Amino acid sequence: MGYASHLVLRDSGSWENAALPLSVYGANLALNWAWTPIFFGAHKIKWALYEIIALWGTTAAMGVLFYRVNSTAGLLILPYLAWNTLAVALNYAVWRDNEKDNSVPAVEDKKQ
């Protein structure tokens, strides 16, 4: 990601042309940083799922925006996008398998 962002800055021609791709990169870094304390620290698995979906979106957008400036930079984001896809799936599975309020309680449970 760091080298890809360097390629974008180098090949964009100006700070103004690099502003959007590098802003998405900055947002991606912030979202990447935020996921761990939400998931592991606060144990808010559903919030972490929403957050990591946003992270996935910025990763995809970053890849497209980087590719428009430098094709190598965009392609360098693909492994990160693949990793994010796996992480989203894992976060979803953990939420699905551990969410207590996923379903309506059974009739027997209401009688107790």
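Cut-offs used in this document
- Residues numbered from 1 in each chain as written.
- Predicted model: local features only at pLDDT ≥ 70, side-chain atom pairs only at ≥ 80, totals over all residues.
- Heavy atoms only, no water.
- UniProt positions renumbered as here; feature names shortened; annotations may be inferred.
- Helix = DSSP H or I, 4+ residues; strand = E, 2+ residues; numbered from the N terminus.
- Patch = residues over 30% accessible without salt bridge, like charges linked within 9 Å, V, L, I, M, F, W, Y side chains within 5 Å.
- Areas by Shrake-Rupley, 256 points an atom, 1.4 Å probe, with all protein chains shown as cover.
- Salt bridge = Lys/Arg side-chain N within 4 Å of Asp/Glu carboxyl O.
- Buried < 20%, exposed > 50% of the residue type's maximum accessible area, 1.4 Å probe, protein only.
- Core = buried A, V, L, I, M, F, W, Y, C linked by side-chain atoms within 4.5 Å.
- Contact = heavy atoms within 4.5 Å.
- Polar contact = N/O pair within 3.5 Å; in protein donor to acceptor, adjacent residues only side chain to side chain.

Under an unreviewed UniProt entry, the name given to the protein is Translocator protein, and the organism recorded is Trichogramma brassicae. Recorded in UniProt under Subcellular location (unreviewed entry), the annotation for the protein is "Membrane". Of the comments in the UniProt record for the protein, the one headed Sequence similarities (unreviewed entry) reads "Belongs to the TspO/BZRP family."

A. Focus on the environment of lysine 46. Of note, lysine 46 is situated in helix H3 (residues 45–69). In sequence terms lysine 46 and arginine 96 are 50 residues apart; their C-alpha atoms lie 9.0 Å from each other.

B. Local environment of a nonpolar patch on the surface. The grouping of Tyr67, Leu75 and Leu78 at the surface amounts to a nonpolar patch, some 310 Å² of accessible area in total. Considering the arrangement of structural elements, one finds leucine 78 in helix H5 (residues 78–98). In this structure leucine 78 comes out as partly exposed when scored by relative accessible area, which is 45%.

C. Inspection of the nonpolar core at higher detail. Counting residues in each nonpolar core, the largest one holds 22 residues, and the members touching the most others are Leu22, Ile52, Met62, Phe66, Ala73 and Ile77. Those elements giving two or more residues to this core turn out to be helix H1 (2–11), helix H2 (15–41), H3 and H5. Per-element accounting of this core gives the leading share, 7 residues, to H3. For isoleucine 52, the residues in contact, after removing those within four places along its chain, are Trp35, Ala87, Val88 and Asn91.

D. Representation of the side chain of asparagine 70 in the model. Tracing the sequence through the fold places asparagine 70 in the loop between H3 and helix H4 (71–76). You can call asparagine 70 buried: its relative accessible area is 11%. Separated by 3.0 Å, the side chain of asparagine 70 and the backbone nitrogen of alanine 73 make a polar contact.

E. Structural context of the UniProt feature "transmembrane region" (unreviewed entry) in the protein. Within this numbering scheme, the UniProt entry marks residues 20–40, 47–67 and 73–94 as carrying the feature "transmembrane region" (unreviewed entry). Each end of residues 20–40 is marked by a C-alpha atom, and these two atoms are 31 Å apart; helix forms 100% of the span and strand 0%. End C-alpha to end C-alpha, residues 47–67 measures 30 Å, and it is 100% helix and 0% strand.

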